[in-house]
Amino acid sequence: ILNVEQSPQSLHVQEGDSTNFTCSFPSSNFYALHWYRWETAKSPEALFVMTLNGDEKKKGRISATLNTKEGYSYLYIKGSQPEDSATYLCAFSDSWGKLQFGAGTQVVVTP
Amino acid sequence: SAVISQKPSRDICQRGTSLTIQCQVDSQVTMMFWYRQQPGQSLTLIATANQGSEATYESGFVIDKFPISRPNLTFSTLTVSNMSPEDSSIYLCSVEDQGRGAEAFFGQGTRLTVV
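Residues numbered from 1 in each chain as written. Chains lettered and ligands numbered in written order. Predicted model: local features only at pLDDT ≥ 70, side-chain atom pairs only at ≥ 80, totals over all residues. Heavy atoms only, no water.

Visitor: Requested: an account of the overall build of chain B, with residues and values cited.
Guide: When helices and strands are counted, chain B shows zero helices and 11 strands. The order of α-helices and β-strands along chain B, N terminus first, is β-β-β-β-β-β-β-β-β-β-β. Computed over its C-alpha atoms, the radius of gyration of chain B comes to 13 Å, within 12% of the 13 Å expected for a compact globule of 115 residues. In terms of principal-axis extent, the alpha carbons of chain B reach across some 40 × 25 × 25 Å. For chain B, buried positions account for 50% of its 115 residues. Contacts in chain B between residues far apart in sequence, at least 24 positions, make up 52% of those at least 6 positions apart. Summing over all exposed atoms, chain B offers an accessible surface of approximately 5500 Å²; the carbon and sulfur share of this is 47%. (Helix = DSSP H or I, 4+ residues; strand = E, 2+ residues; numbered from the N terminus. Rg over C-alpha atoms; globule rule 2.2 N^0.38 Å. Buried < 20%, exposed > 50% of the residue type's maximum accessible area, 1.4 Å probe, protein only. Contact = heavy atoms within 4.5 Å. Areas by Shrake-Rupley, 256 points an atom, 1.4 Å probe, with all protein chains shown as cover.)

Visitor: Can you tell me about unusual backbone geometry, naming the residues and giving the values?
Guide: The amide bond that connects Ser 7 of chain A to the next residue, Pro 8 of chain A, takes the cis arrangement and shows omega of -5 degrees. The omega torsion of the bond from Lys 7 of chain B to Pro 8 of chain B falls at 0 degrees, within 30 degrees of zero and hence cis. By secondary structure assignment, the location of Pro 8 of chain B is in the loop between β1 (4–7) and β2 (10–13). Although it is not a glycine, Ala 41 of chain A adopts a positive phi angle of roughly 65 degrees. For Ala 41 of chain A, the location among the structural elements is in the loop between β4 (30–38) and β5 (45–50).

Visitor: Explain the layout of surface pockets residue by residue, including any values.
Guide: The method is simple in principle: a probe with the dimensions of a water molecule rolls over the atoms, and the space it marks as empty is what remains. Of the pockets and cavities examined, the largest pocket occupies roughly 730 Å³. Put simply, the parts of the chain that give the lining of the largest pocket at least two residues each are β9 (86–94) and β11 (105–110) of chain A together with β9 (89–96) and β11 (110–114) of chain B. Broken down by element, the lining of the largest pocket gets its largest block of residues, four residues, from β11 of chain B. Considering only residue class, the lining of the largest pocket consists of eight nonpolar, 18 polar and four charged. (1 Å grid on protein atoms, 1.4 Å probe; cavity = no way out; pocket = protein on both sides within 12 Å on 5 of 7 lines; lining within 4 Å. Points joined across faces, edges and corners; volume = space filled by probe spheres on them. Nonpolar A, V, L, I, M, F, W, Y, C, P; charged D, E, K, R; others polar.)

Visitor: Before we move on, could you go through the packing of aromatic side chains and cite the residues and values that matter?
Guide: Throughout the structure, instances matching the rule amount to 13 aromatic pairs over all chains. Ring centres 6.0 Å apart and planes at 45 degrees place the aromatic pair Tyr 36 of chain A and Phe 101 of chain A in the tilted group. In this pair, Tyr 36 of chain A sits in strand β4 while Phe 101 of chain A sits in strand β10 (residues 99–101), placing the two residues 65 residues apart along the sequence. On the accessibility criterion, Phe 101 of chain A (4% relative accessible area) is buried. Judged by centre distance (5.5 Å) and plane angle (90 degrees), the rings of Tyr 36 of chain A and Phe 106 of chain B are edge-to-face. Taken as a pair, Tyr 36 of chain A in strand β4 and Phe 106 of chain B in strand β10 (residues 104–106) lie in two separate chains rather than in one. (Phe/Tyr/Trp six-rings, centres within 6.5 Å; stacked < 30°, edge-to-face > 60°.)

Visitor: Describe the sheet that holds strand β6 (residues 56–59) of chain A, listing the residues and the values that go with them.
Guide: Residue and element names in this part refer to chain A. If you trace the five strands from one edge of the open sheet to the other, you get β1-β3-β8-β7-β6, paired in antiparallel fashion. Lying at the two open borders of the sheet, with one neighbouring strand each, are β1 (5–7) and β6. In this sheet, neighbouring strand axes are inclined to one another by 15 degrees on average, regardless of whether the strands run parallel or antiparallel. Sheet topology places β1 next to strand β3 (residues 19–24); three bridges connect them, and they run antiparallel. Its bridge partner being in β3, Gln 6 is matched across the sheet by Cys 23. (Pairing = 2+ DSSP bridges. Axes fitted to C-alpha atoms, helices over the stretch in contact; angles between N-to-C directions.)

See the structure below:
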């Protein structure tokens with residue numbers, strides 16, 4: 001994989017349901033993997049920065065895992081709420097420090 | 001952390017004109033980054049703006065089209081010159097917390113529509 005790829009592009013979730021989506025990235029020259037939440041008309045906000053293979057991070061109902069050997073990360077949202085509606089971006093950072101972003105997964109949580 | 005004020009938040013411009021986007025950071029930072037997100041595409045780095053030196057542009061972006069100023073450690077501007085409808089995008093400025101690979105902070109974005 002040469003680019004950062006996110007799937008699905010969008011998903012609709014019922015309030016209270018849990019969901020997850022993926023980010024695939026180049027497995028060579030890895031330095032860090034970032035997750036951001038971007039709500040409409042707001043700044044993208046950092047959720048996690050992960051650097052170690054096997055890393056798992058959690059923030060409230062949102063968690064993420066990292067597999068640097070195979071080049072993927074999962075983001076999980078447990079018990080989705082309408083305020084979780086946003087576009088979730090992942091970004092790969094190589095040893096030069098530049099961020100390469102995926103196109104994002106748009107999450108819509110309906111009551 | 002850093003708080004970035006970016007303006008304008010949105011604009012509708014005629015083709016052939018230019019728009020300058022401003023970003024003000026609440027702390028001094030060495031590097032500021034300018035990104036573009038075209039509809040349905042990834043957030044793509046345009047250039048890195050360093051204070052006191054020329055900006056560094058990524059492949060596919062040139063200074064004549066996207067001139068950047070960085071007069072001090074808290075401020076930068078990006079100009080989108082001679083605009084065409086293909087320039088319709090969201091433009092974001094960003095800084096990183098304490099160096100490479102660290103968490104990035106973003107402005108609120110400028111949603112540009114070229115008609």
